[in-house]
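# Examination of the molecular architecture
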Amino acid sequence: MYRGSRLAASFLLILTGLAASAAALFVVPPAFGNGGGRWLVPVAIVFAIGHWAALVGVARGRDWGRNVAVFMAELGGGLAILGAVALLTGARPFGADAAAGPGLVAWGAAVYALLGVSAGRVPVLARLGAHERRRVVFGPSFAGLAR
């Protein structure tokens, strides 16, 4: 097992969850208003809620939390790649004079890559043996005491 994986995944889920929640509540609704992209508002809100659900699962040590966190990392990485492709093709997804666009895309790609790695290292209790499960639940110092 890798020590600190749940802590790192929790920290990165808080970081990305705050950014996704802010974007879902304050950026997406005014940007699309009543236009054809109105369906993106509930999708962005569900994406933000997914981060918080994954945080609850990872913090409580649940196997489903690890899976949701890895899925959120995959979705966020995909959105970062989509943003990079849009920037490279000249689509200007952040407006006409958005100089921070490449930095935002690079930040998103880096944070979601780190989230995927740290969440992927969180142990899945169902796949562990009895002794390894005790080490994860009670810690390495108390694994021999809990028999």
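Scroll up to find the structure.
Described in the following lines is the structure provided in the data block. Keep in mind the model is a prediction, meaning the values are calculated, not measured.

### Considering the overall build of the protein
- Regarding its fold elements, the protein presents 5 helices and 0 strands.
- Along the protein, from the amino end to the carboxyl end, the secondary structure elements read α-α-α-α-α.
- Going through the 147 residues of the protein one by one, you find that 32% of them count as buried.
- Look at the contacts in the protein between residues 6 or more apart in sequence, and 63% of them connect residues 24 or more apart.
- Carbon together with sulfur atoms contributes 69% to the accessible area of the protein, which is approximately 9100 Å² in total.

### Some thoughts on a nonpolar patch on the surface
- Judged by side-chain polarity, F11, L15, F94, L104 and W107 come together as a nonpolar surface patch covering roughly 470 Å² of accessible area.
- Contributions of two or more residues to the nonpolar patch are made by helix 1 (5–32) and helix 4 (101–120).
- Residue position: F94 is located in the loop between helix 3 (63–88) and helix 4.

### Comments concerning the nonpolar core
- Grouped together as the largest cluster of nonpolar side chains are 20 residues, with contacts concentrated most on L13, F47, V58, A69 and L115.
- Every element with two or more residues in this core is listed here: helix 1, helix 2 (40–59), helix 3 and helix 4.
- Among the elements that line this core, the one with the most residues is helix 2, at 7 residues.
- Ignoring anything within four residues of it in the chain, the contact list for A69 reads L13, A54, V58, L115 and A119.

### Structural notes on the side chain of S5
- You can see S5 is positioned in helix 1.
- Of the residues examined, S5 reaches a relative accessible area of 7% and is grouped as buried.
- In this view, S5 contacts S118, R121 and V122; residues no more than four positions away in its chain are not counted.

### Quick notes on helix 3
- The end-to-end C-alpha distance of helix 3, which contains 26 residues, comes to 38 Å, matching closely the 38 Å that a straight helix rising 1.5 Å per residue would cover.
- Along helix 3, the positions that sit buried rather than exposed are G65, R66, A69, M72, A73, G76, G77, A80, G83 and A86.
- Along its buried surface, helix 3 packs onto helix 1, helix 2 and helix 4.
- Directly beyond the C-terminal end of helix 3, a positive phi value near 85 degrees is found at G90.

### So, the packing of helix 1 against helix 2
- With their axes 8 Å apart at the nearest point, helix 1 and helix 2 run at an angle of 165 degrees to one another. The orientation of helix 1 with respect to helix 2, classified from their angle, is roughly antiparallel. Of the two possible hands of crossing, helix 1 and helix 2 adopt the one that is left-handed.
- A breakdown of the residues in the contact of helix 1 with helix 2 according to their chemical character gives 20 nonpolar, 5 polar and 1 charged.

### Observations concerning the side chain of S10
- For S10, the position within the fold is in helix 1.
- What makes S10 buried here is its relative accessible area of 13%.
- In contact with S10, other than residues within four places in its own chain, are L55, V58 and A59.

Reading the values: rules and limits
- Residues numbered from 1 in each chain as written.
- Predicted model: local features only at pLDDT ≥ 70, side-chain atom pairs only at ≥ 80, totals over all residues.
- Heavy atoms only, no water.
- Helix = DSSP H or I, 4+ residues; strand = E, 2+ residues; numbered from the N terminus.
- Buried < 20%, exposed > 50% of the residue type's maximum accessible area, 1.4 Å probe, protein only.
- Contact = heavy atoms within 4.5 Å.
- Areas by Shrake-Rupley, 256 points an atom, 1.4 Å probe, with all protein chains shown as cover.
- Patch = residues over 30% accessible without salt bridge, like charges linked within 9 Å, V, L, I, M, F, W, Y side chains within 5 Å.
- Salt bridge = Lys/Arg side-chain N within 4 Å of Asp/Glu carboxyl O.
- Core = buried A, V, L, I, M, F, W, Y, C linked by side-chain atoms within 4.5 Å.
- Expected span 1.5 Å × (residues − 1).
- Axes fitted to C-alpha atoms, helices over the stretch in contact; angles between N-to-C directions.
- Parallel < 35°, antiparallel > 145°, perpendicular 65-115°, else oblique.
- Left-handed = near helix turned anticlockwise from the far one by under 90°.
- Nonpolar A, V, L, I, M, F, W, Y, C, P; charged D, E, K, R; others polar.

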